[in-house]
Amino acid sequence: MSAHLEVKAVSLHFGGLQVLSGLSFSVQPGTVCALIGPNGAGKTSLFNCISRLYRPSNGAITINAIDVLAVRAHDAVRIGIARTFQNLALFGTLTVRENVLAGAHGATSSGMVADLLRLPRARREMQATRAKADAVIDEIGLTHVAETTVSSLPFGTQKRVELARALMSDPQLLMLDEPANGLDHSEVEELAQLVRDIAERRDLTVLLVEHHIGMVMTVADHVVVLDAGRKVAEGDPQSVVNNPDVIRAYLGKAA
């Protein structure tokens, strides 16, 4: 089941610095929504609020009517939230399979004691988790490098590993923070198609922060534009990129 995300009047302050100001928008189930805006607009800060790394100063965030801010940060995965990071957060000395298996942490049900004692329930769950990891690895097109150490892989492939790891928790809301950053043109096109295919195949809601407008135009159903912590526009990709307020936000008042 995909998620219905609601962001309502969210503000965030760090001391005297206002990072987000009264931000409101919604993402419909099964759609891809892109957050765009110049550097410092508050995009990643909003991501951190939704994934519970930050707590907003004001406002509300819900996913399928569940109060996200009432959930502990390490339990976000249990209400269907998974994310990737702007800077890769992989275990470089581990293999692709081991990194993907790490994505099941927090989503399994057997306890630490059962794992340590190798009880039948824990063994069965581990077998199922390994089979699931192999299926996700195949889905993302990483089977040929499953036993390869992540640090030895090209950057674009590492991005796919992080995406595979996020999918291990069977999220309803998949949050991608600048997934095209550092990729070349052909890699961006492949990634955009992969994200669209995954969203449709898994009935996922996707929220992504992205600077690569080509990817946004390809993959997004809806676009929300931030500038200095405020929403300056939202709508379909074509109308948004032609919006004078959006052009000014990116290019300055002279534009």
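In this report, we go over the structure that sits alongside the text. In this text the structure is predicted, and so the values were computed from the model without any measurement. (Residues numbered from 1 in each chain as written. Predicted model: local features only at pLDDT ≥ 70, side-chain atom pairs only at ≥ 80, totals over all residues. Heavy atoms only, no water.)

**Quick word on the packing of aromatic side chains**
- Counting across every chain of the model gives one aromatic pair.
- The ring of F85 carries the charged tip of R83 above its face, separated from the ring centre by 4.1 Å. (Phe/Tyr/Trp six-rings, centres within 6.5 Å; stacked < 30°, edge-to-face > 60°. Lys NZ or Arg CZ within 6 Å of the ring centre and 35° of its normal.)

**Things to note about a nonpolar patch on the surface**
- Side chains of I213, M217 and Y250 sit close together on the surface and give an oily, nonpolar patch of about 220 Å² of accessible area.
- Looking at the secondary structure, you find M217 in helix α7 (residues 213-219). (Patch = residues over 30% accessible without salt bridge, like charges linked within 9 Å, V, L, I, M, F, W, Y side chains within 5 Å. Areas by Shrake-Rupley, 256 points an atom, 1.4 Å probe, with all protein chains shown as cover. Salt bridge = Lys/Arg side-chain N within 4 Å of Asp/Glu carboxyl O. Helix = DSSP H or I, 4+ residues; strand = E, 2+ residues; numbered from the N terminus.)

**Section: the nonpolar core**
- One finds I140, L174, V206 and M215 to be the most contacted residues of the largest nonpolar core, which totals 47 residues.
- Ranked by the residues each element gives to this core, the list is headed by helix α6 (residues 185-202), at seven residues.
- If sequence neighbours within four positions are ignored, L174 has contacts with A82, L163, A166, L167, L204, T205, V206 and L207.
- With 31 residues, the next largest nonpolar core counts L12, L173, L207 and L226 among its residues. (Core = buried A, V, L, I, M, F, W, Y, C linked by side-chain atoms within 4.5 Å. Buried < 20%, exposed > 50% of the residue type's maximum accessible area, 1.4 Å probe, protein only. Contact = heavy atoms within 4.5 Å.)

**Considerations on helix α1 (residues 43-50)**
- Among the eight residues in α1, seven count as buried, and that is most of the element.
- All of the buried residues in α1 are K43, S45, L46, F47, N48, C49 and I50.
- At the exit of α1 stands R52, carrying a positive phi of roughly 75 degrees.

**Let's talk about the packing of helix α5 (residues 155-167) against α6**
- The interhelical angle for the contact between α5 and α6, taken along N-to-C directions, is 10 degrees, at an axis separation of 11 Å. Judged on the interaxial angle alone, α6 and α5 are roughly parallel. Crossing geometry of α5 relative to α6 is assigned as right-handed. Facing G156, R160, L163 and L167 of α5, the residues of α6 in contact are E187, E190, L194, I198 and R202. (Axes fitted to C-alpha atoms, helices over the stretch in contact; angles between N-to-C directions. Parallel < 35°, antiparallel > 145°, perpendicular 65-115°, else oblique. Left-handed = near helix turned anticlockwise from the far one by under 90°.)

**Some words on α5**
- Helix length check: α5, at 13 residues, gives a terminal C-alpha distance of 19 Å against a target of 18 Å (1.5 Å per residue), a fit within 8%.
- Extensive coverage of α5 is indicated by the burial of eleven of its 13 residues. (Expected span 1.5 Å × (residues − 1).)

**Some remarks on the pairing of strand β9 (residues 222-227)**
- Where strand β3 (residues 32-36) meets β9, four bridges bridge the pair, whose relative direction is parallel. Paired with A34 across the bridge in β9 is V223.
- Across five bridges, β9 lies against strand β10 (residues 230-235) in antiparallel orientation. Bridging from a neighbouring strand, V224 pairs with E234 of β10.
- In sequence, β9 turns back onto β10 through a hairpin of two residues, with A228 there showing a positive phi of about 55 degrees. (Pairing = 2+ DSSP bridges.)

**Regarding unusual backbone geometry**
- One non-glycine residue, N64, adopts positive backbone phi at about 50 degrees.
- If you check the backbone angles, D170 has positive phi at about 50 degrees while not being a glycine.
- Tracing the chain through its elements places D170 in the loop between α5 and β7 (173-177).

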